[in-house]
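Overview (structure and organization)
Residue-level listing of the chains:
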Amino acid sequence: MIVVMKAHASPAEIQAVVERVEQAGFQAHQIVGVERTVVACVGEERGKDELAQLEFFPGVDSVLPILKPYKLAARELHPDGSRIRVGGVEIGGQRLTVMAGPCAIENSAQMEHAARAVRQAGGHMLRGGAFKPRTSPYSFQGMEYDGLLLLEQAGREVGLPVVTEVMDAHDIEQIADHSDMLQVGARNAQNFSLLRRLGKVNKPVLLKRGMSTRLDEFLMAAEYILSAGNPNVVLCERGIRTFETATRNTLDLNAIPVLKQWTHLPVIVDPSHGTGAESLVIPMALAAVAAGADGLMIEVHPEPEKALSDGPQQLHPARFAELMRSVRRVAEAVDRTL
Ligand code: PEP
Ligand code: MN
């Protein structure tokens, strides 16, 4: 259930609602909007009849059921869409957010070169993998902690917030100390203990869709983070496994408008993993923006041909600059800015 407060409800009236919700055995999450506050009541469906009487509390406008199983991610809670702050960047507003950088951090020269390229082309955030989830245990596994420090330093030098993947709950604190946003990769999209732990972290989370995760399951994964106390979650569509083998994955652009209807969380798109091919990244980035994405994640490497991971899909800096120029034109056409 959600309790929608009247526009001018007093703090005491809101507090009285919260107390009643908690007495009924529910968690009360307050969502403070521009105009009014909404109190989301999360818990077992049993006992929800008790909440109906909240309609008669002072300051309450209405009490509505949330029919979807994801309660805190549901669009009803935040009809205008939420905006997530990462350093000085806001994700989810009218302005698009582009996060870019190498698949994996390989050495300081590579990371610094990529960071300057991203900054110069107008990117808003820097990415780079320090802990890499690789299909083969014999492939390069990432520079781990040393890589994290190189990413942090490169981000500082160019003045961009950084995002990097956390694969294991044991590394959360260390990664959170050196980055601005924590990424959950496709392979961990339904690692519920990891998600729950990320709910306790004071850093925003970029949650990637699993390669076989349905959109309702994707939102339930986000719900794990939200319900554990972290309201700052951004979703990322990065392609799913289908029967098609022409591309590495099938970038599911349907996901963008569907998620926009179902949730208030910002949605960004990763056409690099979604296609697996350098030549397909720009067209699908443009399509994602046209379909309503709030931003993009793009792999950029100074020398993609020498990359230690995902070489075929990484953009050379000049191609990334071309992507940014093209995205700007599509953004304007759909009333967004870059
Ligand atoms: C990545 O972004 O570095 C990555 C490994 O992506 P995904 O989890 O989507 O495969
Ligand atoms: Mn990659």
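Reference entry: report on the structure contained in this document. Only a predicted model underlies this, so the values are computations on that prediction, with no experimental measurement involved. (Residues numbered from 1 in each chain as written. Chains lettered and ligands numbered in written order. Predicted model: local features only at pLDDT ≥ 70, side-chain atom pairs only at ≥ 80, totals over all residues. Heavy atoms only, no water.)

The next point concerns the nonpolar core. Grouped together as the largest cluster of nonpolar side chains are 77 residues, with contacts concentrated most on Leu207, Leu235, Ile298, Phe320 and Leu323. At 7 residues, helix α7 (residues 215–227) tops the list of elements feeding residues into this core. The next biggest cluster of nonpolar side chains, apart from the first, holds 16 residues, and it includes Met5, Val21, Leu51 and Val60. (Core = buried A, V, L, I, M, F, W, Y, C linked by side-chain atoms within 4.5 Å. Buried < 20%, exposed > 50% of the residue type's maximum accessible area, 1.4 Å probe, protein only. Helix = DSSP H or I, 4+ residues; strand = E, 2+ residues; numbered from the N terminus.)

Turning to helix α10 (residues 278–290), its buried residues are Val281, Ile282, Ala285, Ala288 and Val289. Against α8 (255–262), β13 (267–269), α9 (271–275), β14 (295–299) and α11 (317–333) lie the buried residues of α10. A positive phi of about 110 degrees marks Gly292, the residue just after α10. (Contact = heavy atoms within 4.5 Å.)

Spatially, β2-β3-β1-β4 is the arrangement adopted by the 4 strands of the open sheet, whose pairing is antiparallel. Edge positions in the sheet fall to β2 (27–32) and β4 (60–64), since each has one partner strand and no second. For this sheet the average axis-to-axis angle between neighbouring strands, irrespective of direction, equals 20 degrees. Strand direction decides the pairing type here: strand β1 (residues 2–5) and strand β3 (residues 37–42), joined by 3 bridges, are antiparallel. Among the inter-strand pairings, Val3 is bridged to a residue of β3, identified as Val39. Each of β1, β2, β3 and β4 is contacted by helix α1 (residues 11–23), which is oriented at about 150 degrees to β2, the strand it contacts most. (Pairing = 2+ DSSP bridges. Axes fitted to C-alpha atoms, helices over the stretch in contact; angles between N-to-C directions.)

With that out of the way, let us pick up the packing of helix α3 (residues 108–121) against α11. Two elements in contact, α3 and α11, have axes separated by 9 Å at closest approach and are oriented at 25 degrees. Put simply, α3 runs roughly parallel to α11. Seen from above, α3 lies across α11 with right-handed handedness. On α11, the residues touching His113, Ala117, Val118 and Ala121 of α3 are Pro317, Phe320, Ala321 and Met324. Of the residues contributing to the contact of α3 with α11, the split by class is 7 nonpolar, 1 polar and no charged. (Parallel < 35°, antiparallel > 145°, perpendicular 65-115°, else oblique. Left-handed = near helix turned anticlockwise from the far one by under 90°. Nonpolar A, V, L, I, M, F, W, Y, C, P; charged D, E, K, R; others polar.)

Taken together, Arg127, Lys132, Pro133, Glu165, Gln183, Gly185, Ala186, Arg187, Lys208, Arg238 and His273 form the complete shell of residues around ligand 1. Side-chain polar atom of Arg127 to an oxygen atom of ligand 1: 2.7 Å apart, as the coordinates give it. In the model, an oxygen atom of ligand 1 is placed 2.8 Å from a nitrogen or oxygen of the Lys208 side chain. Burial of ligand 1 by the protein chains amounts to 97% of its free accessible area of 300 Å². For the shell around ligand 1, the per-class residue count stands at 2 nonpolar, 3 polar and 6 charged. (Near = heavy atom within 4 Å. Polar contact = N/O pair within 3.5 Å; in protein donor to acceptor, adjacent residues only side chain to side chain. Areas by Shrake-Rupley, 256 points an atom, 1.4 Å probe, with all protein chains shown as cover.)

Time to look at the side chain of Asp294. Among the secondary structure elements, Asp294 is positioned in the loop between α10 and β14. For Asp294, the residues in contact, after removing those within four places along its chain, are Gly92, Gly93, Arg95, Leu96, Thr97, Lys260, Pro266, Val267, Ile268 and Arg336.

So, about the coordination of the manganese ion (ligand 2). When a metal carries six donors in an octahedron, the ideal angles between them are 90 or 180 degrees, while four donors in a tetrahedron ideally lie at 109.5 degrees. In this structure, Cys103 (SG), His273 (NE2), Glu299 (OE) and Asp310 (OD) serve as the protein donors to the manganese ion (ligand 2), at separations of 2.0 to 2.4 Å. As a motif over one chain, the donors of the manganese ion (ligand 2) read C-x169-H-x25-E-x10-D. In this pair, His273 is assigned in helix α9 and Asp310 in the loop between β14 and α11, connecting sequence segments 37 residues apart. You'll find His273 and Asp310 in the same group, each marked buried. (Donors = N, O, S within 2.8 Å, 3.2 Å for Na, K, Ca; no water.)

Locating Lys260 in the fold gives a position in helix α8. It is 28 Å that separates the C-alpha atoms of Lys260 and Ala176, two residues lying 84 residues apart in sequence.

Quick look at unusual backbone geometry now. Here Glu144, not a glycine, exhibits a phi torsion of approximately 50 degrees, which is positive. With respect to the secondary-structure elements, Glu144 resides in helix α4 (residues 144–158). Unlike most non-glycine residues, Asp310 shows phi in positive territory, near 50 degrees.

For α7, built from 13 residues, the straight-helix expectation of 18 Å at 1.5 Å per residue is met to within 8% by its first-to-last C-alpha distance of 18 Å. Along α7, the residues classified as buried are Leu215, Phe218, Leu219, Ala221, Ala222, Glu223, Ile225 and Leu226. Looking at the buried residues of α7, the elements they touch are β2, α6 (192–198), β11 (205–208), β12 (233–237) and α8. Count one or two residues on from α7 and you reach Gly229, which has phi positive near 115 degrees. (Expected span 1.5 Å × (residues − 1).)

This brings us to the packing of aromatic side chains. Each aromatic ring pair is described using two quantities: the centre-to-centre distance and the angle formed by the ring planes. For the structure shown, the criterion picks out 2 aromatic pairs. Aromatic pair Phe192 and Tyr224: ring centres 4.5 Å apart, planes at 25 degrees, arrangement stacked. Linking Phe192 in helix α6 with Tyr224 in helix α7, this pair joins segments that are 32 residues apart in sequence. (Phe/Tyr/Trp six-rings, centres within 6.5 Å; stacked < 30°, edge-to-face > 60°.)

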